[in-house]
Amino acid sequence: MAQLNLKSQLETLVRLQEVDSQIYDLTEEKRAQPLEIEALKNAFEEKKKNLAAQEKGYLDAQKEKKDRELELQTQEENVKKLQTQLYQLKTNKEYSAMLGQINDAKADASTIEDRILESMDKIERSRSSVEEEKKKLQAEEGVFNAQKQKIEQRIKEIDDQLARLGVQRKEILPDIDKTIISQYERILKNREGLAIVAVKNNTCSGCNMLVPPQVINMIQMYERIITCEVCNRILFIPHE
Ligand SMILES: [Zn+2]
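Residue numbering note: each chain is counted from 1, following its sequence as written. For this predicted model, a pLDDT threshold of at least 70 governs which residues receive local features, and a threshold of 80 or more governs which side-chain atom pairs are given and counted, while totals over whole chains, interfaces and linings are taken from all residues. Hydrogen atoms and water are omitted, and side-chain values are computed over all heavy atoms in the structure.

Asks: Hey, could you go over the environment of Ser 8 for me, with residue numbers and the actual values?
Replies: Helix and strand assignments follow DSSP, with helices taken as H or I runs no shorter than four residues and strands as E runs no shorter than two, numbered in order from the N terminus. Its location among the elements puts Ser 8 in helix 1 (residues 2-86). Remark: the alpha-carbon pair of Ser 8 and Ile 181, spanning 173 residues in sequence, is separated by 14 Å. For this analysis, a polar contact is any N or O atom pair within 3.5 Å, provided that within protein one partner can donate a hydrogen and the other can accept it, and provided that sequence-adjacent residues contribute only side-chain to side-chain pairs. Of the polar contacts made by the side chain of Ser 8, one reaches the backbone oxygen of Asn 5; its length is 3.1 Å.

So, in structure tokens, the structure goes:
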């Protein structure tokens, strides 16, 4: 009687393990979901930073152009001032020296003009980089939102499945002895959600270690629960 009883208890325990394995896998999967969202969010934030850097480059180029324009203005005023002084000069020598100075000042102004053109080029390039980066970010935002929605949907599915499995679990529990349940649950917790394993080809399918023949005999006597000497999981012999 006790023999038959333990055998059927183990069979029920195997059914419970099937449910618990699904619960374990789903719980693990659910645990990983927020990390996935976090990774997506970080990638997105990184692209935002890129855009901000491009926008700063654009503003810097504009400021540079403005500074150079002010510089040009000062230089042009300088040329004008020198030109008015030109007519106050008395000697040829002074006159040609001043002409030289004016030409130098004009050359400086022309250099500044070139640099303003460079600044304008830089602004144009920056502007198109910003536009491009904005487009990329927009696309990325679409991808991010779609992925996030998919993940949230999956979490909902998992929760539904877990609720169903919880009901199945509750239905099985009353059929198993409380002492056996508590031993099973202790192992479940310490052994990655796997507490009862089959012996296949004289091997524990939990840890793949050989199960000695005398242990296999003991399992088949169904006098008490036999655990693997290596991984400590409950052992059972499946039907052929
Ligand atoms: Zn084992």
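Asks: Before we move on, could you go through the coordination of the zinc ion and cite the residues and values that matter?
Replies: Any nitrogen, oxygen or sulfur atom within 2.8 Å of a metal ion counts as a donor, with the limit raised to 3.2 Å for Na, K and Ca, and since water is left out, coordination shells can look unfinished. Surrounding the zinc ion are the protein donor atoms Cys 204 (SG), Cys 207 (SG), Cys 228 (SG) and Cys 231 (SG), which sit 2.3 Å from the metal. Expressed as a motif, the donor residue spacing for the zinc ion is C-x2-C-x20-C-x2-C. With Cys 207 in the loop between strand 2 (203-204) and helix 4 (213-221) and Cys 231 in the loop between helix 4 and strand 3 (234-236), this pair connects stretches of sequence that are 24 residues apart.

Asks: I'd like to hear about unusual backbone geometry, residue by residue, with values.
Replies: Phi at Asn 202 takes a positive value of approximately 60°, unusual for a residue other than glycine. Within the secondary structure layout, Asn 202 lies in the loop between strand 1 (196-200) and strand 2. The buried label applies to any residue whose accessible area, calculated with a 1.4 Å probe on protein chains only, is under 20% of its type's maximum; exposed applies above 50%, and partly exposed to all values in between. Taking relative accessible area as the criterion, Asn 202 reaches 45% and is therefore assigned partly exposed. For Asn 208, which is not glycine, the phi torsion reads 65° and is therefore positive. The exposure class of Asn 208 is exposed, given its relative accessible area of 61%.

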